[in-house]
Every structure is written in structure tokens, then in C-alpha cells.
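Letter by letter, the chains look like this.
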Amino acid sequence: WSNWSAPATNRPANGAKIVADLAGATTFYAYAGTTLSRSTDGGANWTVMTASAPGGGMWLRAVPNNAGQLLLSTGGNGLWRTTNGGANWTRINSGAVTVANEVGVGAAAPGQSYPAMFVGGTVNGQLGFHRSDDQGATWTTISDLSHHYGDVLIIQGAPRVYGRLYVGTNGRGVLYADIHQTPVGLPAGWGSQDVGTVGSAGNAAQVAPGAWEVIGG
């Protein structure tokens with residue numbers, strides 16, 4: 001870390017968001033404004049893939065095991081994806097995903113090969129955290145109205161545990177949650193209570209299958 005070298009060609013603009021391609025060891029991407037650049041030699045040289053990428057990008061994520069695939073959250077302009085290294089971009093399900101402030105990826109659902117997508121924003125009219133297991137075609141809300149955790153700065157799915165989402169907050173630490181599984185039986189003296197469905201005011205003890213249950217942080 002003691003020696004640094006400036007790129008030889010097409011150095012990305014100051015403040016660019018940099019991510020590594022999670023299927024190519026020496027491939028990196030840089031996003032600034034509406035320009036997306038790619039390096040295939042570890043950052044020594046860069047090629048501008050497009051100067052008309054979606055603007056207002058908040059988070060840029062590479063998709064594990066899918067070379068050239070990136071996700072970009074753009075706030076009120078929704079969620080976007082490229083499958084060819086940034087040259088072309090397509091908005092994901094604009095009818096459902098109307099606001100995408102944060103985006104993350106995690107382990108694929110059982111029977112699926114493509115990683116699960118997570119969005120912090122508004123999907124199907126509901127503000128919160130959401131997961132898609134089918135590349136954005138359909139979405140499940142995984143939080144309730146009582147658990148937005150203030151100023152969320154970053155989200156990311158667990159790479160090995162399907163459904164687990166990590167949430168980074170401004171001043172409240174890092175939280176994570178798993179898909180709730182209703183226990184087969186409860187210990188003697190314990191009881192359960194239905195506290196509401198996803199999207200309701202809810203409580204931390206949400207018991208509806210598929211809902212969010214905060215278990216650590």
C-alpha cells in the first residue's frame with residue numbers, strides 16, 4: 001500500500017464509485033456522473049463503456065459469478081442493470097421499483113442460480129426493504145413499518161445464507177436479519193402471538209413466514 005500509480009489511460013473522474021467484477025479477477029468498473037468505465041488490467045488502463053449511463057447513481061454493485069453484470073440504484077429513478085460491462089443499461093421492473101436508494105445482492109434462493117437482489121426504497125408502493133429471487137420480476141417486502149432504522153447508509157445480502165440482509169445505519173451500528181421460520185414447537189412456558197403481516201405497523205416479534213426478524217447487531 002505504500003506505492004500508488006495513476007492510470008495510464010482514461011483515468012476515471014474524481015469521486016467515481018469503484019467496484020470489482022465478481023467473476024473477473026482483474027476487471028474493475030468506475031461510475032461517475034453518467035460515465036461508466038471499465039478496466040481489465042487491475043486499474044492500469046480504462047475504457048469508457050458509455051457516457052450515457054443512468055444519472056444520480058447512489059450504489060453500484062457487481063453481481064457475483066456473472067461477468068459484466070452490474071446493478072445501480074438511482075433513488076427516484078429506480079433500479080438499473082447492465083449485462084455487458086456497462087455499455088447498455090436497462091431499468092428493472094419500473095412499475096414495481098419506483099425508488100431504489102440502496103441495492104445489494106446475496107445468496108440465491110433454493111433452486112435458483114442467480115443471486116437474490118435486495119433494495120432499500122419503495123417497491124409496489126411500500127417503503128422498506130425488499131428482496132427479489134427472480135432477477136427483479138417479482139418482489140417480497142421483508143420489513144414492516146416500524147423497522148426502517150432511520151438513516152440507512154448501505155445494505156448487502158449475505159453471500160452464503162439465503163435471505164440474510166445486513167443493514168448499515170448512521171449511528172445505530174450494523175444490523176442483520178434472516179427469513180423468519182416459525183418454530184415447530186416452543187419450550188414449556190413459552191407462547192406465540194400473531195403481531196401482523198408484512199407492511200403493517202408490526203413488532204419486532206413478527207411471526208408471519210417470510211417476514212423480517214432482527215436477531216443481532
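### Things to note about the sheet that holds strand S4 (residues 47–50)
Right, on to step 1. Read from one edge to the other, the open sheet built from four strands follows the order S1-S2-S3-S4, with strand pairing classed as antiparallel. Of all strands in the sheet, those bounded by a partner on one side alone are strand S1 (17–20) and S4. Pairwise comparison of adjacent strand axes, ignoring direction, gives a mean angle of 30° for this sheet.
Right, on to step 2. Direction of pairing for S1 relative to strand S2 (residues 28–32): antiparallel, over a ladder of four bridges. By the bridge assignment, Ala 20 is partnered in S2 with Phe 28.

### A word on the confidence of the model for the chain
Right, on to step 1. Taken over all residues, the pLDDT of the chain has a mean of 88, while the share at 70 or more is 86%.
Right, on to step 2. Contacts for the low-pLDDT stretch residues 210–217, under 50 throughout, to residues beyond four places or in other chains number 31 contacts.

### Notes on the layout of surface pockets
One water molecule sets the probe size; rolling that probe over the atoms shows where empty space is left.
Right, on to step 1. Its volume calculated, the largest pocket comes out at about 300 Å³.
Right, on to step 2. Considering the residues around the largest pocket, the lining is formed by 16 residues, among which Pro 7, Pro 12, Ile 18, Gly 43 and Trp 46 are closest to the centre.
Right, on to step 3. Across the lining of the largest pocket, the residue classes break down as ten nonpolar, five polar and one charged.

### Description of the sheet that holds strand S9 (residues 97–106)
Right, on to step 1. Judged by pairing direction, the sheet is antiparallel, and its four strands sit side by side in the order S9-S10-S11-S12 without closing on themselves. One side of each edge strand has no neighbouring strand; the edge strands of this open sheet are S9 and strand S12 (140–141).
Right, on to step 2. In terms of strand pairing, S9 meets strand S10 (residues 116–123) through eight bridges, oriented antiparallel. Counted as the bridge partner of Val 105 is Met 117 from S10.

Reading the values: rules and limits
Residues numbered from 1 in each chain as written. Predicted model: local features only at pLDDT ≥ 70, side-chain atom pairs only at ≥ 80, totals over all residues. Heavy atoms only, no water. Pairing = 2+ DSSP bridges. Helix = DSSP H or I, 4+ residues; strand = E, 2+ residues; numbered from the N terminus. Axes fitted to C-alpha atoms, helices over the stretch in contact; angles between N-to-C directions. pLDDT = per-residue confidence, 0-100. Contact = heavy atoms within 4.5 Å. 1 Å grid on protein atoms, 1.4 Å probe; cavity = no way out; pocket = protein on both sides within 12 Å on 5 of 7 lines; lining within 4 Å. Points joined across faces, edges and corners; volume = space filled by probe spheres on them. Nonpolar A, V, L, I, M, F, W, Y, C, P; charged D, E, K, R; others polar.

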